[in-house]
Amino acid sequence: MIVVVFFGVIARYAFNSGLPWIEEFAIWCFTWLIFLGAALGVANDRHVAMDMLAEGIGGAPRSILYFARDTFTALTLVVLLLAGYKLSAMIGGTNAALQWPNALRYGVIPVSGAIGLISLTLRIAIQSGLLRSIACVTTGFALYALMQYPALSPFSGMSASLVIITVFFATLALGVPVAFCMVLGAFATTWSGGLLPPPAMIQNMVAGSTKFILLAIPFFLTAGYLLNLGGLSSRLIDFAAACFGHLRGGLAQVNVFNSVLVGGISGSSGADAASTTKVLVPEMVKRGYSPEFSCAVTAVSSILPNILPPAIAMLVYASVSNVSIAQLFVAGIVPGLLIAVGLMIVNYIIARRRGYEKASARAPLGVIGKTFVRALPALVIAVLVLGCIRFGVTTATEAGVVALVWAFILGKFVFRECSWRQIYDALVDCGIDAALIGFLIAASVPFAWILIADGLPQDLISWARSGDFGPVVLMLILIAVLFIAGMFLDLTPAMLIAAPLFLPLMASGGFDPIHVGIVMIIVLQLGGVTPPVGILVFITAQISRTRPAAIFREVLPFLVAVAFALALVASLPLTTLGLWKIIS
C-alpha cells in the first residue's frame, strides 16, 4: 500500500499522469490486511477486550466464563468463515479498474475465519488443554447451525436495536473482544429474520471499512513507529527540553510539550505513551519525581496526539460523519493547545507543592536554535501533512504516506538509526495494529446500520424534541454518555457506535459536526486515563513496572485541567471553528 500510493503521488506530479487503478488496488490491499490481521490478532491475543468480570471471580465460575468467552469468539470466526464463503461465492463480475474478479477481494474473509479458528484452537489447547479447545470450537459451529432456524430464536418479537445492544454488552462482559461483540450483536439480529442476512452483513463490513481515506490510519501509525525508530523522537525531546526545561517541574513540562510535538506527526496516543515512558519516565525518576507522578503525566499528555492533527481518531470520526478532514484537523489545534497549557499549569502547581525540580536558568538562544535545527526534519512532517491537505496538494491518505516516506528516509538513510530488521519488525507491528483498528471499524458498520435502520437515532431525536432540551442540555447529555462509554470502551469502537447515534441528535440542536467531533474525541480520550480500562495508564504502568492504582490517583488533578479545557471547547464553538475561518 505504501509503495503503490506513494508511486501514485509521484506519477501525478512528476509525470502529470493519473493512475486510476492505484486507489482501487490500495483499497483491496486494505481489505486483505484488515481480515488477515484480525486473524493474527486472535493468534497473538491482541484484540481489545474487557476482562474485569473474570478478574473478580475464581475457580469454577471463572473457568465457565472463559469457556463462554472462547465459544463466542469461535462463533464470530465461524460467521466470518461460513458467511464470508457464501458472500465470496455470490459475488460475481470483474473490477473495472483492476480487471480482477471481485471474488478475489472477498475470498480473504473465509480464509481469515479459518486461520482465526486454527489460531484460537491452538491457543486454547496450550492454555487449557486440547479437549476444551475442541469443545469451544465445536460449540461455536453448533451455535451457528442453531441460528439458521428463526423458529428457535429467543429474540422473536424484540426490536433489532434491543437485540444488538443486549448481545453486545452481554458478550462484552464475558471478555469477548470488542469488535467480535459488535459482529455477534449484528449476527444475532439475523436469527429471527433480521434486517441484514449474514452475507449482506459481511459485505457491509467490507464496504464501510475500506474507504480510501481510512488508509491514512496505517500510514500515520507507521510514521509514528518510524519516528521513534529513526531517532527523531529524541531530537524532539531535546528541543522540548531547551524550550521548557527551565520551568518549575521542567522535565514534566518537557513531557507535555513533547506530546504536542509528537501529536503533530504520529497521531497515535498509544505510541506516544509507550515511547515517552521508555525515554522520559526513568529520567524523571532520577531527578526526584515519583514513578507514579511521572507515569501520570505521560499517560495524560498522551491524549494529545489524538486531539492535535493528524489524529487517527479524527480519521475514524471523518469516516462515519463525512466531514472535511482538513477542517477537522485544523479544528483540533486550539483545543489541543488549551489542554497542553492546562496540564503544564498542573505540573507547575504540583512541582511547587512537592518540591520537584526547581526552576533553572533558561537555555541560551543558541542551544534552543541548535536543538530546533536538529528537530526540524521531524517538525517538517507536521507542516508537510497539514500543508498538503489544506492546500489540496494531496489527500489525507497521500499526506500520510508522504510523512511515512519522509520519516523512513530520515531514520534509515540520513541519521542511520535503524536496521532493516528493525524496520521489518515495525511494519509487522503496524500492520497488525492497523488491521485491528480497521476490523473495529468494519465491525461497527453493520452494527450502526442496524441501529439506524431500526430507528434508534430517530427515536433519540424525537425524545430530545419532546423534552424540549436546549443546546446546553444536549451537550451535557452527549458528554455524560460518552464519558461513561469511554470508561469501558476504547476510543475507536466507542466513537464508531456513538457517532451515528448522536450526530443527528446534535445536528437537530444546531451543533456543527466538526465541533461535535472534537468534543467527542476529547471526552472519549479521558477513558484512556480513567478506570477501569484506562489503556494509556496501563501502557505506562506495564513499561515502568508501576502499580496502575497509584497512577490513577496521580491522574486526578490533570483530569480537572482537561475537564476545564473541555468545558471551554464545548461551550465556545469558536475554539474549534474559528481557526479554519481565519485561514480559509
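Refer to the structure presented above.
Just so it is clear, the model here is predicted, and its values are computed rather than measured. (Residues numbered from 1 in each chain as written. Predicted model: local features only at pLDDT ≥ 70, side-chain atom pairs only at ≥ 80, totals over all residues. Heavy atoms only, no water.)

### Observations regarding the overall build of the protein
Point 1. For the protein, the helix and strand inventory stands at 28 helices and 0 strands.
Point 2. Computed over its C-alpha atoms, the radius of gyration of the protein comes to 24 Å, within 12% of the 25 Å expected for a compact globule of 584 residues.
Point 3. The principal-axis extent of the C-alpha atoms belonging to the protein is close to 75 × 60 × 55 Å.
Point 4. Counting across all 584 residues of the protein, residues that qualify as buried make up 56%.
Point 5. Restricting to contacts in the protein with at least 6 residues of sequence separation, those with at least 24 account for 80%.
Point 6. In the structure as shown, the protein presents an accessible area of about 23000 Å², 68% of it carried by carbon and sulfur atoms.
Point 7. Charged side chains in the protein number 30 positive and 22 negative. The centres of these two groups are separated by 8 Å. (Helix = DSSP H or I, 4+ residues; strand = E, 2+ residues; numbered from the N terminus. Rg over C-alpha atoms; globule rule 2.2 N^0.38 Å. Buried < 20%, exposed > 50% of the residue type's maximum accessible area, 1.4 Å probe, protein only. Contact = heavy atoms within 4.5 Å. Areas by Shrake-Rupley, 256 points an atom, 1.4 Å probe, with all protein chains shown as cover. Lys, Arg positive; Asp, Glu negative; His and termini not counted. Charge placed at Lys NZ, Arg CZ, Asp CG, Glu CD.)

### A look at the side chain of Arg235
Point 1. Relative to the helices and strands, Arg235 is located in helix H12 (residues 232-244).
Point 2. Looking at Arg235, its side chain comes within polar contact range of the main-chain oxygen of Arg374, at 3.2 Å.
Point 3. When sequence neighbours within four positions are dropped, the list of residues in contact with Arg235 reads Thr371, Arg374, Ala375 and Phe415. (Polar contact = N/O pair within 3.5 Å; in protein donor to acceptor, adjacent residues only side chain to side chain.)

### A look at the packing of aromatic side chains
Point 1. For the structure on display, the rule yields 20 aromatic pairs.
Point 2. On the numbers, 6.0 Å between centres and 85° between planes, the contact of Phe35 with Phe439 is edge-to-face. Remark: Phe439 occurs in helix H21 (residues 420-453) and Phe35 occurs in helix H2 (residues 20-44); sequence separation between them is 404 residues. Each of the two residues, Phe35 as well as Phe439, counts as buried.
Point 3. Assessed through its relative accessible area of 0%, Phe439 is described here as buried.
Point 4. Ring pairs connect the aromatic residues Trp21, Phe25, Trp28, Trp32 and Trp100, which therefore count as one cluster. (Phe/Tyr/Trp six-rings, centres within 6.5 Å; stacked < 30°, edge-to-face > 60°.)

### What about helix H15 (residues 291-301)?
An α-helical turn contains 3.6 residues, so a residue and the one three or four places further along point in the same direction.
Point 1. Within H15, 9 of the 11 residues are buried, which leaves it mostly tucked inside the rest of the structure.
Point 2. Residues of H15 that are buried: Phe293, Ser294, Cys295, Ala296, Val297, Thr298, Ala299, Val300 and Ser301.

### Quick look at H12
Point 1. Taking 1.5 Å of rise per residue, 13 residues should cover 18 Å, and H12 covers 19 Å from first to last C-alpha, within 8% of that figure.
Point 2. If you check which residues of H12 are buried, you get Leu232, Ser233, Arg235, Leu236, Ile237, Phe239, Ala240, Ala242 and Cys243. (Expected span 1.5 Å × (residues − 1).)

### Side note on the pattern of salt bridges
Point 1. The full count for this structure, using the stated rule, is 9 salt bridges.
Point 2. Note that Arg123 and Asp45 form a salt bridge whose closest N and O atoms lie 3.8 Å from each other. Taken together, the positions of Arg123 in helix H6 (residues 108-128) and Asp45 in the loop between H2 and helix H3 (52-55) put the pair 78 residues apart, joining distant regions of the chain.
Point 3. What you see here is one network of salt bridges that share partners, running through Arg46, Asp429 and Asp433. (Salt bridge = Lys/Arg side-chain N within 4 Å of Asp/Glu carboxyl O.)

### Some remarks on the environment of Ala313
Point 1. The residue Ala313 is located in helix H16 (residues 312-321) in this model.
Point 2. Accessibility expressed as a relative area gives 2% for Ala313, which makes it buried.
Point 3. Through-space distance from the C-alpha of Ala313 to that of Ile522 is 9.9 Å; in sequence the pair is 209 residues apart.
Point 4. Residues within four places of Ala313 in sequence aside, it is in contact with Asn306, Leu491, Met495 and Ile521.

### Side note on the environment of Ala296
Point 1. Mapped onto the fold, Ala296 is located in helix H15.
Point 2. It is 25 Å that separates the C-alpha atoms of Ala296 and Ala223, two residues lying 73 residues apart in sequence.

### Digging into unusual backbone geometry
Point 1. Looking along the chain, the bond that leaves Pro309 and enters Pro310 is cis, with omega of -5°.
Point 2. Inspection of the secondary structure assignment puts Pro310 in the loop between H15 and H16.
Point 3. One non-glycine residue with positive phi stands out, namely Arg545, at about 60°.
Point 4. Here Arg545 is to be found in the loop between helix H26 (535-544) and helix H27 (548-571).

### Some thoughts on the packing of helix H4 (residues 59-90) against H6
Point 1. Here H4 crosses H6 at 160°, and the two axes come no closer than 7 Å. The orientation of H4 with respect to H6, classified from their angle, is roughly antiparallel. In this structure, the crossing between H4 and H6 has a hand that is left-handed. Counted together, Asp70, Thr73, Ala74, Leu77, Val78, Leu80, Leu81, Gly84, Tyr85, Leu87 and Ser88 of H4 and Ile109, Pro110, Ser112, Gly113, Ala114, Gly116, Leu117, Leu120, Arg123 and Ile124 of H6 form the full contact between these two elements. (Axes fitted to C-alpha atoms, helices over the stretch in contact; angles between N-to-C directions. Parallel < 35°, antiparallel > 145°, perpendicular 65-115°, else oblique. Left-handed = near helix turned anticlockwise from the far one by under 90°.)

### Concerning the environment of Pro110
Point 1. Checked against the element boundaries, Pro110 lands in helix H6.
Point 2. You can call Pro110 buried: its relative accessible area is 9%.
Point 3. Those residues in contact with Pro110 that lie beyond four places of it in its chain are Leu80, Leu81, Gly84, Tyr85 and Ser88.

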